[in-house]
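# Structural overview for review
Spelled out from the first residue to the last, the chains are:
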Amino acid sequence: MTEQNTPAIDPAEDLPEQMRVRRSKRDRLLAEGLPPYPVEVPRTDEITEIRARYADLPTDTGSGDKVSVTGRVIFVRNGGKLCFATLRAGDGAELQAMFSLDKVGEKSLGDWKSLVDLGDLVAVTGEVIASRRGELSVLADSWAMSAKALRPLPVAHKPLSEETRVRQRYVDLIVRPQARDVVRTRATVVRSLRESLFRRNYLEVETPMLQLLHGGAAARPFVTHSNALDTDLYLRIAPELFLKRAVVGGIERVFEINRNFRNEGMDSTHSPEFAMLEAYQAYADYNVMQTQVREWIQEAASAVAGSHVVTHQDGTEVDLGGEWAQITLFGAISSALGEEVTIGTDLAQLQRYAEKVQLSVDPKWGPGKLAEELFEHLVTDSLVQPTFVRDFPEETAPLTAPHRTTPGLTEKWDLYVGGFELATAYSELVDPVIQRERFHAQSLLAAGGDAEAMQLDEDFLRAMEYGMPPSGGMGMGIDRLLMALTGLGIRETILFPLVRPE
RNA sequence: GGGCUGCUAGCUCAAUGGCAGAGCUGAGGACUUUUAAUCCUUAGGUUCGGGGUUCGAAUCCCCGGCGGCCCA
């Protein structure tokens, strides 16, 4: 402790007038023995319950029942001797509170008018009635502050700016019902996915987020440091290599829903941290996973919308029912180009095609990578209806089993919905010798400066050398599933997305 | 990474190089049945930050910050 006292912070300095006013109301509440932040307030019923219970209360009658309700004051209509306020609960349910001179008395009514602002949380005790205009109300005998709001609420009738909505999500949640709906929808979807997997006898596990090596995907990782181990650690870019270790150990159906971290660009479909479902099933393949993933998404759609037809926030309806289209990667490229392109098409020819369609080519790309880039350039935007794109080149799928009939291809599909990649699945590569060769090729890429290349994971190879059953595996972005079901941008599906510091 | 675009009162927005404004919110007043209540009065500004051009800059130019949209 120093001799010099920290100067008392005087928040009255430099504050906007409206915040000064609210602080002085807080002071007046204290001075009058009305705690602005009491530990407890009376609360007998939820607003939602009262709306349901008294839905049929006739206009201009009393119920005879006394209740205590709580809510945030979102509208006030103050009169001389009779005041109205609209209270809103956390679930969005609203109820009118009425304060009349003859019920609460002059002092309490005066306090209500002079000390309560829009945005305050209050508790109101009184009889449930229906007003002369038929509005279900609590006619107050008494009221109490539950929490004084020191900041004014944004105007309820104009849309909040995009930036404020994201930076101050708590305000967004208060004023915008759709913001709360998204939170509910997301919880419904995640719960539906878990139930879908539990029903099919999958076990949920949690695997390391802090990893000594990064692997399981092609992405640039975040790096952090362990003081205890005196070594750098990576935030995981995927749980894949650990879930496969679990399959080696005999956990034959396993999944994880958790966050991945990728140190890459942020845009309307990419967030640095994003939630992902990964699932592995022994003795299955990419065809089995294709059916299951469709079923899981359809079950999630049903949980959210009650049917396979989901309605986006702009009103468009998307039908996710039935079987979904499937195309092959090279078939899609061929029909987009009007030229026959196969896994056998050589690099020079692919480069000529790329030039023809004005795709700029990184000289480090091999033919497989270039084919994938051609596909993304030419086809993905048109894949609005759910479509499985199958059979990717070996070059870009180092963890995937070789195709059963076509050399050079792997058994991998990507699922596209709404023009973006929603999910992926493989027949997993389980041959430890080939896996080592694939890792070796990746390490050459890394040595060549590819920051997204996978690292050679000896412990993973050791696990595989004990024998991993033939398996199907899948991964799906939870945030993107929300996007597909709601039509929202990724930052709307994440409650508190990363934003630049103010 | 590139292009376009925005940042003004607590919130949403005007102000076309010439006095920085409106609605809601706030403050004061009227009103015992309102529904985004209404009516009267009224307060509120580092125009994102810095530099420049100009008699004069919210406005034009340059640099920086933070968003949005499109493209790669």
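Residues numbered from 1 in each chain as written. Chains lettered and ligands numbered in written order. Predicted model: local features only at pLDDT ≥ 70, side-chain atom pairs only at ≥ 80, totals over all residues. Heavy atoms only, no water.

## Side note on the protein's contact with RNA strand B
Taken together, the neighbourhood of RNA strand B is formed by 39 residues, with Gln18, Lys25, Ser131, Arg133 and Arg491 sitting nearest. At the protein interface, 56% of the atoms of RNA strand B within 4 Å belong to sugar or phosphate. Take Asn78: an N or O atom from its main chain is 3.2 Å from a base nitrogen of RNA strand B. Here Arg500 contributes a side-chain N or O atom positioned 2.9 Å from a phosphate oxygen of RNA strand B. For the surface near RNA strand B, the secondary structure elements donating two or more residues are helix H1 (17-31), strand E1 (61-78), strand E2 (82-88), strand E3 (94-100), helix H3 (101-115) and helix H4 (162-167). Across the surface near RNA strand B, the residue classes break down as 15 nonpolar, nine polar and 15 charged. (Near = heavy atom within 4 Å. Polar contact = N/O pair within 3.5 Å; in protein donor to acceptor, adjacent residues only side chain to side chain. Helix = DSSP H or I, 4+ residues; strand = E, 2+ residues; numbered from the N terminus. Nonpolar A, V, L, I, M, F, W, Y, C, P; charged D, E, K, R; others polar.)

## So, the sheet that holds E2
One closed barrel accounts for five strands, arranged E1-E2-E3-E5-E4; its pairing is mixed. Each adjacent strand pair in this sheet contributes to an overall mean axis angle of 50°, direction not counted. With three bridges connecting them, E3 and strand E5 (residues 136-147) associate as parallel partners. Residue pairing in the sheet places Met98 in a bridge with Leu139 of E5. (Pairing = 2+ DSSP bridges. Axes fitted to C-alpha atoms, helices over the stretch in contact; angles between N-to-C directions.)

## Comments concerning the pattern of salt bridges
This structure, assessed with the given rule, holds 39 salt bridges. For Asp27, the salt bridge is made with Arg26, and the minimal N-O distance between the two is 3.7 Å. Salt-bridge contacts for Glu411 lead to Arg404; the nearest nitrogen and oxygen are separated by 2.6 Å. Taken together, the shared-partner salt bridges in this structure form one network comprising Arg22, Lys25, Asp117, Asp120 and Lys148. (Salt bridge = Lys/Arg side-chain N within 4 Å of Asp/Glu carboxyl O.)

## Observations concerning the UniProt feature "domain: Aminoacyl-transfer RNA synthetases class-II family profile" (unreviewed entry) in chain A
Per the UniProt record, the feature "domain: Aminoacyl-transfer RNA synthetases class-II family profile" (unreviewed entry) sits at residues 184-501. Helix makes up 36% of residues 184-501 and strand 23%, with an end-to-end C-alpha separation of 28 Å. (UniProt positions renumbered as here; feature names shortened; annotations may be inferred.)

## Brief notes about the packing of aromatic side chains
In the structure shown here, the tally under the stated rule is eight aromatic pairs. Arranged with centres 5.7 Å apart and planes meeting at 85°, the rings of Tyr202 and Trp296 form a pair that is edge-to-face. Of this pair, Tyr202 sits in the loop between helix H6 (177-199) and strand E6 (203-204) while Trp296 sits in helix H8 (residues 286-305); the two residues are 94 residues apart in sequence, bridging distant segments of the chain. For the pair Tyr202 and Trp296, a shared accessibility class is recorded, and that class is buried. The rings of Phe99, Trp112 and Trp143 are connected pair by pair, giving a single aromatic cluster. The aromatic ring of Tyr286 is capped on one face by Arg390, whose charged end is 4.3 Å from the ring centroid. The lysine or arginine in question, Lys412, covers the ring of Phe392, its NZ or CZ lying 4.5 Å from the ring centre. (Phe/Tyr/Trp six-rings, centres within 6.5 Å; stacked < 30°, edge-to-face > 60°. Buried < 20%, exposed > 50% of the residue type's maximum accessible area, 1.4 Å probe, protein only. Lys NZ or Arg CZ within 6 Å of the ring centre and 35° of its normal.)

## Focus: the sheet that holds strand E9 (residues 231-235)
Through backbone hydrogen bonds, the strands of a sheet pair up, either in parallel or in antiparallel fashion. As summarised here, the arrangement of the three strands in space is E7-E9-E8, forming an open sheet in which the pairing is antiparallel. At either end of the open sheet lies a strand with only one pairing partner, and these are strand E7 (210-211) and strand E8 (223-226). Sheet topology note: the E7/E9 ladder contains two bridges and is antiparallel. Counted as the bridge partner of Gln211 is Tyr234 from E9.

## With respect to a nonpolar patch on the surface
There is a patch of nonpolar side chains on the surface, built from Tyr170, Val183, Leu495 and Phe496 and spanning about 390 Å² of accessible area. Among the structural elements, Leu495 can be located in the segment after helix H15 (490-493). You can call Leu495 partly exposed: its relative accessible area is 33%. (Patch = residues over 30% accessible without salt bridge, like charges linked within 9 Å, V, L, I, M, F, W, Y side chains within 5 Å. Areas by Shrake-Rupley, 256 points an atom, 1.4 Å probe, with all protein chains shown as cover.)

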